[in-house]
Every structure is written in structure tokens, then in C-alpha cells.
Amino acid sequence: MKDKTIICIQCENEFVVTPSEQKRCIYRDFDMPKRCPECRKHKAKIKQPEEWGKKGKHRRVREEQFD
Ligand SMILES: [Zn+2]
């Protein structure tokens, strides 16, 4: 297996997926990454546990209003 160059769908920079990463994707039945490590890091930052907590609260309020 060789290094695979993929263009990030977010920032359109090229990044390399190493053979070991490719094998891991195949083994776990994952798709090849579509974003470069930088964008993935940024995306991970957005998903803070605090944010999820806030969303849950909003949903509960909306459900109460429906009743
Ligand atoms: Zn990117």
C-alpha cells in the first residue's frame, strides 16, 4: 500500500493518508478521511460536551411547550 493524497473537502488542501491509516479505515469499515488533520481537529473542537448539554436543555424546553 502507498501513501494516498486526498484533497480536503473543507479547505481544499492536499493531505496524505498513510498506509497504516488506510488499513485502519478498511479494518473498521470506515470511509477514507475527507478532511485534513487540521480541519478534523477544528471540527473536534466544536463538539464540546458543554455544547451538547446546552442542546439537550433546549430540546427539553421545546417538548414542554408542545404539551
Ligand atoms: Zn482541511
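Scroll up to find the structure.
Given the structure is predicted, the values throughout are model-derived calculations rather than measurements. (Residues numbered from 1 in each chain as written. Predicted model: local features only at pLDDT ≥ 70, side-chain atom pairs only at ≥ 80, totals over all residues.)

> Which parts of the structure should I look at to understand the environment of S20?
One can find S20 in helix 1 (residues 19-27). For the pair formed by S20 and M1, sequence separation is 19 residues and the distance between their alpha carbons is 8.7 Å. (Helix = DSSP H or I, 4+ residues; strand = E, 2+ residues; numbered from the N terminus.)

> Can you help me understand the environment of P19 in this one?
Here P19 shows up in helix 1. Separated by 17 residues in sequence, P19 and K2 have C-alpha atoms that sit 5.8 Å apart. If we skip the residues at most four places from it in the chain, P19 touches M1, K2 and D3. (Contact = placed C-beta atoms within 7 Å.)

> For this particular structure, what's the right way to read unusual backbone geometry?
What you tend to see is this: most non-glycine residues have negative phi, and most peptide bonds are trans. Positive phi values are uncommon outside glycine, yet E12 reaches one of about 60 degrees. Relative to the assigned elements, E12 resides in the loop between strand 1 (4-7) and strand 2 (14-17). Its 8 C-beta neighbours within 10 Å are what place E12 among the exposed residues. At D29, a residue that is not glycine, the phi angle is positive and equals roughly 65 degrees. For D29, the position within the fold is in the loop between helix 1 and helix 2 (37-46). The exposed category is assigned to D29, around which 6 C-beta atoms lie within 10 Å. (Buried ≥ 20, exposed ≤ 12 C-beta atoms within 10 Å, placed from the backbone.)

Keep in mind these numbers describe shape, not what the thing actually does.
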